[in-house]
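# What the coordinates show
Residue strings, one per chain:
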Amino acid sequence: MCHTPTAELDFFASLLRQDQCFAEQVQAKGCEHCGSPLHQAHYQRKPRGLPPELRNDEAYARRYSFCCCRCRRRHTPVSLRFLGRRVYSAFCLLMASFQGCFETAAIQQLSVPKLSLYRWQQWWNGDFKQTRVWRALTTKLQPVTRLPDDWWRQLGGATWCERGWQMLGALLPLTSQSSRYFRMSEFTQNL
Ligand SMILES: [Zn+2]
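Residues numbered from 1 in each chain as written. Predicted model: local features only at pLDDT ≥ 70, side-chain atom pairs only at ≥ 80, totals over all residues.

### Topic: the overall build of the chain
- For the chain, the helix and strand inventory stands at seven helices and five strands.
- Each helix and strand of the chain, placed in order from N terminus to C terminus, yields the pattern α-β-β-β-β-β-α-α-α-α-α-α.
- For 191 residues, the compact-globule formula gives about 16 Å, and the C-alpha radius of gyration of the chain, at 17 Å, lands near that figure.
- Projected onto its principal axes, the C-alpha positions of the chain cover 50 × 45 × 30 Å.
- Each of the 191 residues in the chain was classed as buried or not, and the buried ones make up 26%.
- Contacts spanning at least 24 positions in sequence make up 64% of the contacts within the chain whose residues lie at least 6 apart. (Helix = DSSP H or I, 4+ residues; strand = E, 2+ residues; numbered from the N terminus. Rg over C-alpha atoms; globule rule 2.2 N^0.38 Å. Buried ≥ 20, exposed ≤ 12 C-beta atoms within 10 Å, placed from the backbone. Contact = placed C-beta atoms within 7 Å.)

### A few points about the sheet that holds strand E1 (residues 38-40)
- As summarised here, the arrangement of the three strands in space is E1-E4-E5, forming an open sheet in which the pairing is antiparallel. Single-partner strands in this sheet number two, and they are E1 and strand E5 (74-75). (Pairing = 2+ DSSP bridges.)

### Some points on helix H7 (residues 160-170)
- Among the residues of H7, those classed as buried are Gly164, Trp165 and Leu168. The buried residues of H7 occupy an angular sector of 100° when projected down its axis, which confines them to one face.
- On its buried face, H7 is in contact with helix H1 (6-29) and helix H2 (90-95). (Arc of directions from axis to C-beta.)

### What to know about the nonpolar core
- Of all hydrophobic cores here, the largest spans 30 residues; its most connected members are Ala90, Phe91, Cys92, Leu93, Leu94, Ala96 and Leu168.
- Where this core is concerned, the elements lending two or more residues are H1, strand E4 (66-68), H2, helix H4 (114-124) and H7.
- The residues touching cysteine 92, leaving out its near neighbours within four places in the chain, are Gly49, Leu110 and Val112. (Core = buried A, V, L, I, M, F, W, Y, C linked by C-beta atoms within 7 Å.)

### Describing unusual backbone geometry
- A cis amide bond, omega 0°, links leucine 147 with the succeeding residue proline 148.
- Position of proline 148 among the secondary structure elements: in the loop between helix H5 (132-138) and helix H6 (149-154).
- Positive phi values are uncommon outside glycine, yet arginine 72 reaches one of about 70°.
- Here arginine 72 lies in the loop between E4 and E5.

### Digging into the environment of glutamate 186
- For glutamate 186, the position within the fold is in the segment after H7.
- Between the C-alpha atoms of glutamate 186 and cysteine 92, which are 94 residues apart in sequence, the distance is 24 Å.

### Section: H1
- The end-to-end C-alpha distance of H1 is 35 Å, a good match for the 34 Å that 24 residues give at a rise of 1.5 Å each.
- Among all positions of H1, only Phe11, Phe12, Leu15, Gln18, Asp19, Phe22, Ala23 and Val26 are buried.
- The positive-phi residue at the C-terminal boundary of H1 is glycine 30, with phi of around 85°. (Expected span 1.5 Å × (residues − 1).)

### Things to note about the environment of proline 47
- Here proline 47 shows up in the loop between strand E2 (43-44) and strand E3 (62-63).
- Judged by the 20 C-beta atoms lying within 10 Å of it, proline 47 falls in the buried class.
- In sequence terms proline 47 and threonine 4 are 43 residues apart; their C-alpha atoms lie 17 Å from each other.
- Once residues within four sequence positions are removed from consideration, proline 47 is found in contact with Ala61, Phe82, Val87, Tyr88 and Ser89.

Below, the structure is given as structure tokens:
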């Protein structure tokens, strides 16, 4: 049986811990509309694109979300694990989108259909470039011709964990419709 390296599992665990922090922050603030307490109303997801050890992990599959006890409005915190409603984990969507990843053993192990890979690459180089996240990034990056590859090369982290953390962090505002309440300063840069 093939085991996922410890460093990789630690990385995925750190994504979960940070998502838990985001969830605690959102719940502690209360409803953004009426100030009432928020109750747990998490989504149970079946994320794909995870190491085998995490595929049946209930905690990892939980997308944190809250509902106001008074006005019933939803508050779904930003996430390092889930990019919107996509089935695949955000990290899988990132790593599998690199040019040349189609044929690598790691991606084949994740069993991502080629159509999904194609759509993700289209998204990176199409819709993503229309987002406020990308508009903000372009002021900091050298010109890029292909995403996410050219962005990845310009990141300063020494390890893939550090670079992955930076990228997923930058994508946070795209991960939830409630992200307008999120301030990037709430995101810790520490692994
Ligand atoms: Zn409310």
